[in-house]
2 protein chains.
Amino acid sequence: MRFMTAAILACLAGPSAAWAQAAPPSPREVPAKTIPVPDTVSPALQAIIAQPLRTNWDKPPTTPDGWKQLSDGFATLVAPQIGPMSERLRVSVAPTTIDGVRAYTITPTDIPAANRDRIAIHVHGGCYVLNPREAALPEAMLLAGFGRMTVIAVDYRMPPEAFFPAALDDGMTVYKAVLRTTAPGRIAVFGSSAGGALTLEMMLRAKAEGLPMPGAIAPGTPMSDATQRGDSFQTNAMVDNVLVSPTGFCDAATKFYAAGHDLADPLLSPINGDVRGFPPTILTTGTRDLLLSNTVRMHRKLRQAGVEAALQVFEGQSHAQFYRDDRVPEVKEAFEEIASFFNRHLDR
Amino acid sequence: MRFMTAAILACLAGPSAAWAQAAPPSPREVPAKTIPVPDTVSPALQAIIAQPLRTNWDKPPTTPDGWKQLSDGFATLVAPQIGPMSERLRVSVAPTTIDGVRAYTITPTDIPAANRDRIAIHVHGGCYVLNPREAALPEAMLLAGFGRMTVIAVDYRMPPEAFFPAALDDGMTVYKAVLRTTAPGRIAVFGSSAGGALTLEMMLRAKAEGLPMPGAIAPGTPMSDATQRGDSFQTNAMVDNVLVSPTGFCDAATKFYAAGHDLADPLLSPINGDVRGFPPTILTTGTRDLLLSNTVRMHRKLRQAGVEAALQVFEGQSHAQFYRDDRVPEVKEAFEEIASFFNRHLDR
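Quantities reported herein were computed from a predicted structural model and do not represent experimental measurements. (Residues numbered from 1 in each chain as written. Chains lettered and ligands numbered in written order. Predicted model: local features only at pLDDT ≥ 70, side-chain atom pairs only at ≥ 80, totals over all residues. Heavy atoms only, no water.)

Participant: So what's going on with the packing of helix α5 (residues 138-147) of chain A against helix α11 (residues 329-345) of chain A? Which residues, and what values?
Facilitator: Residues and elements named next belong to chain A. Contact geometry of α5 with α11 gives a least axis separation of 9 Å together with a crossing angle of 70 degrees. One finds that α5 runs roughly perpendicular with respect to α11. Regarding α5 and α11, the two cross each other, and that crossing is right-handed. The segment α5 lies against α11, with Glu139, Leu142, Leu143, Phe146 and Gly147 engaging Val331, Lys332, Phe335, Glu336, Ile338, Ala339 and Phe342. In terms of residue class, the contact of α5 with α11 is built from 8 nonpolar, 1 polar and 3 charged. (Axes fitted to C-alpha atoms, helices over the stretch in contact; angles between N-to-C directions. Helix = DSSP H or I, 4+ residues; strand = E, 2+ residues; numbered from the N terminus. Parallel < 35°, antiparallel > 145°, perpendicular 65-115°, else oblique. Left-handed = near helix turned anticlockwise from the far one by under 90°. Contact = heavy atoms within 4.5 Å. Nonpolar A, V, L, I, M, F, W, Y, C, P; charged D, E, K, R; others polar.)

Given below as structure tokens:
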């Protein structure tokens, strides 16, 4: 009885020996609940939050052809949106090939003097399997548009065309090509989800190869831990309407890319890497994001290593919704913050 | 059918017109689940996360005497911990009175040259009703200990002794007293929960009175919105083992303090205030915190107003567990980060 009282009081009373005396670790039983759409975000974002859980989140393709069809379906859906989006963001998009790697150059119609000699390299998300071709473009276009900066979007090889570490190899090929023409301090690297992981993996690879670090990076909601470790995989399961569950389609896609390689390898789970010497980093996530923990754990790890690292967390957003649509006010806000961070840290 | 396909694909495909076409806003139905204690935090923190929900979280006192007994109980529990904690953190604690306001001065046994002429003012948490006397001290001692900086902890008046805005008045009295001896750029203000709100409320009051801003502030998991707005009030309900629910004891305590005053007043809900001109601010919260949204919404609001504002979010932590116990590694990490932020932004 006396122990119970102390444990209860300790919940509010601040420091105590409660943790040393506590009962054996026990999981939290959370009852079913109904979570309304929050009124603390823009109406446009409310409509995104209100969308139902992704259908078939637990029924991923089981064959290479199945993945290819799903992936091509996405790309086909996105393709017609690129033109109107280019106009709204006042950017032009041109396909290119850089040392054999497929890419796009995204050029703002106007570029402020400070950004004339800067380049941002973008590696897209999609669980290492989705978002080929035009589907690789939207996040890259958001930075080009809201940041008024030239962006090279890497349309890296994906399964079933190629497997780990093909995506990373293609990102590195483009980074090395840009290094030939641009001082490292003028280069940024960014991307979200698998693209956030790839951004971090590129830094680990660059360190290993003795290449200079870029001036700044922006890994958004990075898949920094592909082994399903992290508390929000549980707390935000069935809350996040994009990824939905740690054992959903994204986990299946990542394993398809890894092709049997150890998922704990820092080049698939950069949370396990040595991040000392990383450039200034800004990370972005949302309160409902299944990868909230992946993001904040990476932020703490960077800070522990003495890296200048900023974190922005958006109210009510599930995975990667901070780049869902350029017409959502919170999307503009997120990319203006990233652009501002790049502007502060990149050389002119 | 065509609409459904588009809506489903849009979940992954990036920007689309999906939000404009979406079904009417509908709440998320989240099934019951069991959330294990995460293995991604220190063993000491795991034991804190494993504690059961606070008993009687939904049975707050209903009389002034009931609140006083609860509050006194906490203080009695904490009092004997102050001595050992002082030794561990190498600080001394002395009660004082500043222009009639009860306070404590916390002095590190050694103070680095940069901190000699700096002072941090601390306003404690406890839903405006709890943590009188020694119970006001622990968070203040953490900054003094891990930051090696002199701290004045304000033991402000609380119900049933005095009601809104007595706590704020007492904080301001101490701030004005410190301003008489210390340049504003050398002063920091900090506190968590109700203390985080009070920190922000003090800035609003200082602006209104034409007083200078301090050099930096650190509102931890601030009760920035006392009207229960914010998505994590729902998503983290029954997940956070400290506050547990938006309609729990803390809401009752806040209403006891407000004594009928409008809870949306910026001096009770600083999210509704004009934060332009605020000093550099660092905010701290956890992924399971019921006030995660209160914290990240405040961070975004500060950034929107052009204020330099940093955010740190700790894995797996419920409300205010970043100052639960000085022997937890993540607690040391949180306060070293806050101290580092103060060191960068305060004048010498």
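So much for the structure itself; the text now carries on.
Participant: Any chance you could break down the sheet that holds strand β3 (residues 91-98) of chain B for me, citing the residues and the numbers?
Facilitator: All names here are of chain B. Taken in spatial order, the 8 strands line up as β3-β4-β6-β5-β7-β8-β9-β10 in an open sheet, and their pairing is mixed. In the strand order of this sheet, the two ends are held by β3 and β10 (309-314), each with one partner. Strand after strand, the sheet turns through a mean of 20 degrees between neighbouring axes, direction not considered. Both strand β7 (residues 187-192) and strand β8 (residues 216-220) contribute to a ladder of 5 bridges, which runs parallel. Across the sheet, the residue bridging to Ala188 is Ala216, located in β8. Across the sheet, helix α7 (residues 194-208) touches β5 (119-123), β7 and β8, and the angle it forms with β7 is around 145 degrees. Across the sheet, helix α10 (residues 292-304) touches β9 (281-286) and β10, and the angle it forms with β9 is around 155 degrees. (Pairing = 2+ DSSP bridges.)

Participant: Got a sec to walk through the pairing of strand β9 (residues 281-286) of chain A? Specific residues and values, please.
Facilitator: Residues and elements named next belong to chain A. Within β9, 6 of the 6 residues are buried, which leaves the element mostly enclosed by the surrounding structure. Residues of β9 alternate between two faces, with Thr281, Leu283 and Thr285 on one and Ile282, Thr284 and Gly286 on the opposite face, all of them buried. Sheet topology places strand β8 (residues 216-220) next to β9; 2 bridges connect them, and they run parallel. Its bridge partner lying in β9, Gly220 is registered against Thr284. Both β9 and strand β10 (residues 309-314) contribute to a ladder of 6 bridges, which runs parallel. Along β10, the bridge assignment pairs Leu283 with Leu311. (Buried < 20%, exposed > 50% of the residue type's maximum accessible area, 1.4 Å probe, protein only.)

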